[in-house]
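Descriptive structure summary
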Amino acid sequence: MTGSDAHLLDLLQSAPDDDPTIQGLAASFGRDGLSRADVQQLRAEVLQVRQQRETAQIIAEVATNINAAVDVDETLELVCHRSKHLLGSDMAYISLNDQSAQETYIRTTDGVLTPEYRGLRMPLGTGILGQAAGGSTIAQTTEYLDDSSFPHIPKVDEAVRLEGVVSILAVTMRVKGERSGALLVAERRQRRYTPQEVDLLSQIAGLAAVALQRTGLINDLRASLSERDEARAEAEARHRFLARIETFDQTLFEVLRHEGSPAELAQVISAEIGVDVRYLQRSEVKHLRVDGAHRSALPSDNHRTIETEASVVCAAVAGERTLGAFEARGRLDHDQRVLLERSGPVLTAIILSEERGIAASAEEQQSLITRLEQGASRDWKQISRQLQRYWLREGSKVRIISIGCDDLGAGRAELRELAAPRGGIAGESGGLLVAIGENLTGEEIERGFAGSGLRSSIAEVETVLTASQAEEALLHTRRSVRAMQALDLTGVADPRWDLGLTGLLLAHLPASTASDLVHHAVAPLLSYDRAHGSVLLDTAWVYLENDGNAETTARAMHVHANTVRQRVRRIAELIHPDWASGRRRTDLHTALRLWRVRRHETDKASRTR
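The model shown is predicted, which means the values in this text are computed figures rather than measured ones.

1. Points about the overall build of the chain
- Looking only at helices and strands, the chain features 20 helices and 15 strands.
- Looking at the chain as a whole, 41% of its 609 residues are labelled buried.
- Long-range pairs, those at least 24 residues apart, make up 62% of the contacts in the chain between residues at least 6 apart in sequence.
- Counting every atom, the chain has about 32,000 Å² of accessible surface; 49% of that belongs to carbon and sulfur.

2. Looking at the packing of helix 9 (residues 262-273) against helix 10 (residues 334-374)
- One way to put it is that helix 9 packs onto helix 10 with a least axis distance of 10 Å and a crossing angle of 170°. Between helix 9 and helix 10, the angle is such that the two are roughly antiparallel. Facing helix 9, whose interface residues are Pro262, Leu265, Ile269, Glu272 and Ile273, helix 10 presents Gln336, Leu339, Leu340, Ser343, Val346, Leu347, Ile350, Ile351 and Glu354.

3. Some thoughts on empty space enclosed by the protein
- Applying the stated criterion to the full structure yields three cavities of 30 Å³ or more.
- Estimates place the volume of the largest cavity at around 70 Å³.
- Of all the secondary structure elements, the ones that give two or more residues to the lining of the largest cavity are helix 6 (127-134) and helix 7 (154-163).
- Looking at the lining of the largest cavity element by element, the count peaks at three residues for helix 6.
- Residues of the lining of the largest cavity, tallied by class, amount to 12 nonpolar, one polar and no charged.
- Residue lining of the second largest cavity: Arg412, Leu415, Arg416, Ala426, Gly427 and Leu433, and that is the complete set.

4. A short note on helix 7
- Along helix 7, the positions that sit buried rather than exposed are Val156, Asp157, Ala159, Val160 and Glu163. Angularly, the buried residues of helix 7 cover 160° about the axis, an arc narrow enough to put them on a single face. More than 90 degrees from the buried face of helix 7, the exposed residues found are Pro154 and Lys155.
- Considering only its buried residues, helix 7 is in contact with strand 1 (91-98), helix 5 (115-118) and strand 3 (121-123).

5. Considering the side chain of Asp147
- Checked against the element boundaries, Asp147 lands in the loop between strand 4 (138-141) and helix 7.
- One buried charged residue, Asp147, remains without a salt bridge, the closest side chain of opposite sign being Arg192 at 7.9 Å.
- Reaching out from Asp147, the side chain makes a polar contact with the side chain of Ser149 at a distance of 2.7 Å.
- Once residues within four sequence positions are removed from consideration, Asp147 is found in contact with Gln140, Thr141 and His152.

6. Section: the packing of aromatic side chains
- Throughout the structure, instances matching the rule amount to four aromatic pairs.
- Judged by centre distance (5.1 Å) and plane angle (45°), the rings of Tyr144 and Phe150 are tilted.
- The class of Phe150 is buried, set by a relative accessible area of 4%.
- Geometrically, the ring pair formed by Tyr279 and Phe326 is edge-to-face, given 6.2 Å between the ring centres and 70° between the ring planes. Of this pair, Tyr279 sits in strand 7 (residues 277-281) while Phe326 sits in strand 10 (residues 321-329), placing them 47 residues apart in sequence.

7. So, the packing of helix 10 against helix 11 (residues 380-388)
- Packing of helix 10 against helix 11 brings their axes to within 11 Å, and their N-to-C directions diverge by 140°. In this structure, helix 10 crosses over helix 11, and the sense of that crossing is left-handed. Residues Glu364, Leu368, Arg371 and Leu372 of helix 10 lie in contact with helix 11, whose contacting residues are Trp380, Gln382, Ile383, Gln386 and Leu387.

8. Details of the layout of surface pockets
- Its volume calculated, the largest pocket comes out at about 1,200 Å³.
- Lining the largest pocket are 30 residues; nearest its centre among them are Glu354, Ile358, Arg416, Glu417 and Ala420.
- Of all elements in the fold, only strand 7, strand 10, helix 10, helix 12 (408-419) and strand 12 (425-429) reach the threshold of two or more residues within the lining of the largest pocket.
- The biggest single contributor to the lining of the largest pocket is helix 10, with nine residues.
- The residue inventory of the lining of the largest pocket, partitioned by class, reads 15 nonpolar, eight polar and seven charged.

9. Description of the environment of Val518
- Looking at the secondary structure, you find Val518 in helix 16 (residues 511-532).
- Along the sequence, Val518 and Arg596 sit 78 residues apart, while their C-alpha atoms lie 9.8 Å from each other.
- Setting aside anything within four residues of it in sequence, one finds Val518 in contact with Ala523, Ala591, Leu594 and Trp595.

10. Looking at the pairing of strand 10
- For strand 10, the buried fraction is high: seven of the nine residues fall into the buried class.
- Pairing between strand 7 and strand 10: five bridges, direction antiparallel. Looking across to strand 10, one finds that Val277 is bridged to Ala328.
- The antiparallel pairing of strand 9 (residues 311-318) with strand 10 creates a hairpin that spans two residues between the two strands, and Gly319 there sits at a positive phi of about 65°.

11. Quick look at the sheet that holds strand 11 (residues 397-405)
- Ordered in space as 12-13-11-14-15, the five strands form an open sheet in which the pairing is mixed. In the strand order of this sheet, the two ends are held by strand 12 and strand 15 (491-493), each with one partner. The sheet shows a mean angle of 25° between the axes of neighbouring strands, taken without regard to direction.
- Of the strand pairs in this sheet, strand 11 and strand 14 (residues 456-464) are connected by nine bridges, and their pairing is antiparallel. Note that in strand 14 the partner of Arg399 across the bridge is Glu462.
- Relative to strand 12, helix 10 is tilted by about 60°, and along the sheet it contacts strand 12 and strand 13 (432-437).
- Contacts between helix 13 (residues 442-451) and the sheet are confined to strand 11, strand 13, strand 14 and strand 15, with strand 14 contributing the most and set at about 155° to the helix.

12. Focus: the pairing of strand 5 (residues 167-175)
- Most of strand 5 sits inside the fold, with eight of its nine residues counted as buried.
- By the bridge criterion, four bridges tie strand 4 to strand 5 in an arrangement that is antiparallel. Bridge assignment links Gln140 to a residue of strand 5, and that residue is Leu169.
- Pairing between strand 5 and strand 6 (residues 178-187): nine bridges, direction antiparallel. Within the sheet, the bridge partner assigned to Thr172 lies in strand 6 and is Ala182.
- Taken together, strand 5 and the strand that follows it, strand 6, pair antiparallel across an intervening segment of two residues, in which Lys176 is found at a positive phi of about 55°.

So, how was this worked out
Residues numbered from 1 in each chain as written. Predicted model: local features only at pLDDT ≥ 70, side-chain atom pairs only at ≥ 80, totals over all residues. Heavy atoms only, no water. Helix = DSSP H or I, 4+ residues; strand = E, 2+ residues; numbered from the N terminus. Buried < 20%, exposed > 50% of the residue type's maximum accessible area, 1.4 Å probe, protein only. Contact = heavy atoms within 4.5 Å. Areas by Shrake-Rupley, 256 points an atom, 1.4 Å probe, with all protein chains shown as cover. Axes fitted to C-alpha atoms, helices over the stretch in contact; angles between N-to-C directions. Parallel < 35°, antiparallel > 145°, perpendicular 65-115°, else oblique. 1 Å grid on protein atoms, 1.4 Å probe; cavity = no way out; pocket = protein on both sides within 12 Å on 5 of 7 lines; lining within 4 Å. Points joined across faces, edges and corners; volume = space filled by probe spheres on them. Nonpolar A, V, L, I, M, F, W, Y, C, P; charged D, E, K, R; others polar. Arc of directions from axis to C-beta. Lys, Arg positive; Asp, Glu negative; His and termini not counted. Salt bridge = Lys/Arg side-chain N within 4 Å of Asp/Glu carboxyl O. Polar contact = N/O pair within 3.5 Å; in protein donor to acceptor, adjacent residues only side chain to side chain. Phe/Tyr/Trp six-rings, centres within 6.5 Å; stacked < 30°, edge-to-face > 60°. Left-handed = near helix turned anticlockwise from the far one by under 90°. Pairing = 2+ DSSP bridges.

Honestly, that's just the spatial picture; any functional story needs more than this.
Here's what the structure looks like:
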């Protein structure tokens, strides 16, 4: 149609059929003699052109708006709103297909009032919605509930009734033959949609389908770009952290190279991870469940990590031994935990190195004690120089301590922990532990042993450090501990005063004289016991230790009191009727104490052979 024709049709649309102007205008454009029917036909053409022009403008406007949408939800909301407005409908909504379930469901609505309708979901091919979404290009009804041309679903019909829907127009949304859902308008009254309205909704549905596909592709692209950016950021963060680890490892190596202590290493770690870190010695880690603890994400044979309510503990482990640990106060993030765990092998190396040094030191200390015990006069100058390494100076006042305990191995470890921070030397002598120092006391040792569940008999002498006095003090304290063990005494004793007459005799009598004294006093009982297999010597000892009380003696020996009385009478027959009183009681009691000490030493010697 030319521009002149369009102008003519504009006039035809506005003028009455019999208006003479129409004929004149038609003649001026070469259209002479138009009949009334011609005029009506021309007017219909004008209306169609107008509608096509308006539809094109509407579609262009809708396409522009849809293309401006930035995500799926905005696109669907715009399509529903424009469809409802352009067709003058009560409501508009879009369904999307779930191909895996072979269902379609309402995704976006405009004008829908009830939640039941907004939540509709139905199989493809059922109802007007299911037909349009599942196969038919266009589906409509003017009376939904009474329309028998499609399968009904009771639940869907109830939602339609609650919403008050009567008429529905549904068109398929598809791109390149693939159905993505349907666009629908609906009324709460009867309405038959014109072909122009159906065409308009179909074009909008086509635009919506393309826009949805484009939006999906854009979203996919954005997601890919976002994933790329996240991966790049993660890689950069990882690279920075690896560089941080490299620097931290170099710092740890420097601490190890300069023979730093565990406490110094803890300060380095604390500065790096930004939380308080302290070193725990082996004894402080005993209460932690290290051996059964969860191993860290960085598996290692020389550290284990435990997380408690208030801290993270990284324990240094060698085989089944827990050497010590670092405790970081507070909760740690991944990077802090990794850095803490990397210190585990270094802590293990430092502690093992210290242990090797301790072992060498312990060997030297043992050698010094042995030489002092054997008489150090000839090489005293050399010994004196070695003792100075342990803060022991010739002529200074020192305590020489001998210790007997029920578990020599555990006692040895406990004594080393007690003696190490105080200076001095520690070792063994004849099955007893020995300590020599200025700052360690027998009472401290007794408390430390008791805290570890060890019973101890301790003899302590304060003396001046010289070769002769050290030798003499070692001899006296060792004898005193043997006497205490024989007499079943625990605690701390000074052999010069705390063991009474027995201690005095042990300290000053020659061994042969003491042996003669014992033999003279107990020989009759000893001979009788050997001949009859009796225990009169033991009975005499327990009886005198319990102040001559037969009942107490019977309980101690697990016999009847009458048995004790019979034995007491037999002892009186063999020794003297007044053996348990006066001077004879004192002499016999002292001799029995010496006899027990001798027997204890003899039994111990036979066990060691």
